[in-house]
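If you want the building blocks of each chain, they are given just below.
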Amino acid sequence: MPLPTPYAYIVCYDLKQPAGQYKPLFDELQRSHLWWHYLTSTWIVLRYEALAELAPKLRPLIFQGDFMLIQPAKGPAEGWLPKDAWDWLQKNVPREW
Amino acid sequence: MNEASQAGAASYVSMRTKAVQAVHSPLGFFVLALLIVETFLFGTGTWFGLPEPWKITAIGIGVLLFLIVFGTVVWLVVAYPQNLVFSEESHVQFAAMKMFGSESHLITGRDLQALRPESTPNSTVGQLPGPAQGA
């Protein structure tokens, strides 16, 4: 059952196969309502699915030996990123404080 | 005669080196394997001076090897075409081509590396103390 408003999730992974094998995973993540991908192994996505619905969608798209973590995304964020990355996070990720 | 055989050996070594250097992908390796089988077939037919039954058996084994390599390549082309042609540079190039950014601002891996990073322009102060703090 879709959520009334999109929810922000952070998706991190550790993939062992050649990059070309993961096109279905990247395509699915890019189908999100909004998405952010400025780090090689990390996405922040806004989805209408609940976490319990999102995980079964993404899990089949990785292979044996790969790792993946999906959890709610909350700001504020600190770090070292391009300005566009910070602007997107400020605009789309809700803050914990 | 000595010079001729030395020139022949040098030519063979040069050809062999070129053949090995031409292998940059799994498909290249299969081509090399087929060339080896072809050389084996030619050898059994003309060079080795085998008796007739052995010649026929060796040619049969060579043809079987050829068909095995051929069938394997056909299967790989259908099932895993990318694995067959990806060279040592292709993996790096493919990763560099992968799109980064956001839904409204797509950038390539190369462009991402060219961007200048900075610390967050947004305030992160105001975090509430936890239960064990500020008591």
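Residues numbered from 1 in each chain as written. Chains lettered and ligands numbered in written order. Predicted model: local features only at pLDDT ≥ 70, side-chain atom pairs only at ≥ 80, totals over all residues. Heavy atoms only, no water.

Caption draft 1: Quick look at the overall build of chain B. In terms of helices and strands, chain B carries 6 helices and 2 strands. Taken from the N to the C terminus, the helices and strands of chain B come in the order α-α-α-α-α-β-β-α. Scored against the burial criterion, the 135 residues of chain B give a buried share of 20%. Sequence separation of at least 24 residues holds for 38% of the intrachain contacts in chain B that already meet a minimum separation of 6. For chain B, the accessible area works out to roughly 9900 Å², and carbon and sulfur atoms hold 68% of it. (Helix = DSSP H or I, 4+ residues; strand = E, 2+ residues; numbered from the N terminus. Buried < 20%, exposed > 50% of the residue type's maximum accessible area, 1.4 Å probe, protein only. Contact = heavy atoms within 4.5 Å. Areas by Shrake-Rupley, 256 points an atom, 1.4 Å probe, with all protein chains shown as cover.)

Caption draft 2: Looking closely at the pattern of salt bridges. Residues and elements named next belong to chain A. Under the counting rule described, the total for this entry stands at 8 salt bridges over all chains. Between Arg 47 and Glu 28 there is a salt bridge, with the nearest N and O atoms lying 2.6 Å from each other. You can see Arg 47 sitting in strand E3 (residues 42-47) and its partner Glu 28 sitting in helix H1 (residues 23-30), a full 19 residues away along the chain. Relative accessible area serves as the criterion here: at 3%, Arg 47 is assigned to the buried category. The class of Glu 28 is buried, set by a relative accessible area of 12%. A salt bridge links Glu 49 to Arg 47; the nearest nitrogen and oxygen atoms lie 3.0 Å apart. Note on accessibility: Glu 49 and Arg 47 belong to one class, buried. (Salt bridge = Lys/Arg side-chain N within 4 Å of Asp/Glu carboxyl O.)

Caption draft 3: Looking closely at the interface of chain B and chain A. On the chain A side, the residues contacting the 27 residues of chain B number 29 residues. It is Lys 98, Glu 103 and Glu 118 of chain B in chain B that bury the most area against chain A; as a group they hold 21% of the surface buried on that side. For the pair chain B and chain A, the interface holds 0 salt bridges. Summed over the shared surface of chain B and chain A, the number is 9 residue pairs in polar contact (both at pLDDT 80 or more). Of all the secondary structure elements, the ones that give two or more residues to the side of chain B that touches chain A are helix H4 (81-85), helix H5 (88-97), strand E1 (99-102) and strand E2 (105-108) of chain B. In this sheet, E1 of chain B lies alongside strand E2 (residues 34-39) of chain A in antiparallel orientation, the contact comprising 2 bridges. Counted as the bridge partner of His 37 of chain A is Gly 101 of chain B from E1 of chain B. (Buried area = accessible area lost by both parts, 1.4 Å probe. Polar contact = N/O pair within 3.5 Å; in protein donor to acceptor, adjacent residues only side chain to side chain. Pairing = 2+ DSSP bridges.)

Caption draft 4: Looking closely at the confidence of the model for chain B. All names here are of chain B. In this model, chain B carries a mean pLDDT of 78, and residues with pLDDT of at least 70 account for 81%. Summarising per-element confidence for chain B, the mean pLDDT is lowest in H5 (61) and highest in E1 (93). Interface predicted TM-score (ipTM) for the complex: 0.89; the corresponding pTM is 0.61. (pLDDT = per-residue confidence, 0-100.)

Caption draft 5: Structural context of the pairing of E3 of chain A. All names here are of chain A. Extensive coverage of E3 is indicated by the burial of 6 of its 6 residues. Burial along E3 is two-sided: the residues Thr 42, Ile 44 and Leu 46 and Trp 43, Val 45 and Arg 47 are all buried. Adjacent in sequence and paired antiparallel, E2 and E3 are bridged by 2 residues.

Caption draft 6: The nonpolar core, seen in detail. Membership of the largest hydrophobic core comes to 16 residues, with the highest contact counts inside it found for Trp 36, Tyr 38, Ile 44, Leu 81, Trp 88, Leu 89 and Val 93 of chain A. Elements with a contribution of two residues or more to this core: E2, E3 and helix H3 (83-92) of chain A. Among the elements that line this core, the one with the most residues is H3 of chain A, at 4 residues. Trp 36 of chain A has contacts with Thr 42, Trp 43, Ile 44, Leu 81, Ala 85, Trp 88 and Leu 89 of chain A together with Gly 101 and Ser 102 of chain B, leaving out every residue within four places of it along the chain. (Core = buried A, V, L, I, M, F, W, Y, C linked by side-chain atoms within 4.5 Å.)

Caption draft 7: Highlighting the pairing of E1 of chain B. Residue and element names in this part refer to chain B. By the bridge criterion, 4 bridges tie E1 to E2 in an arrangement that is antiparallel. Note on E2: the bridge partner recorded for Ser 102 is His 105. Between E1 and E2, which pair antiparallel and follow one another directly, the connecting turn spans 2 residues.

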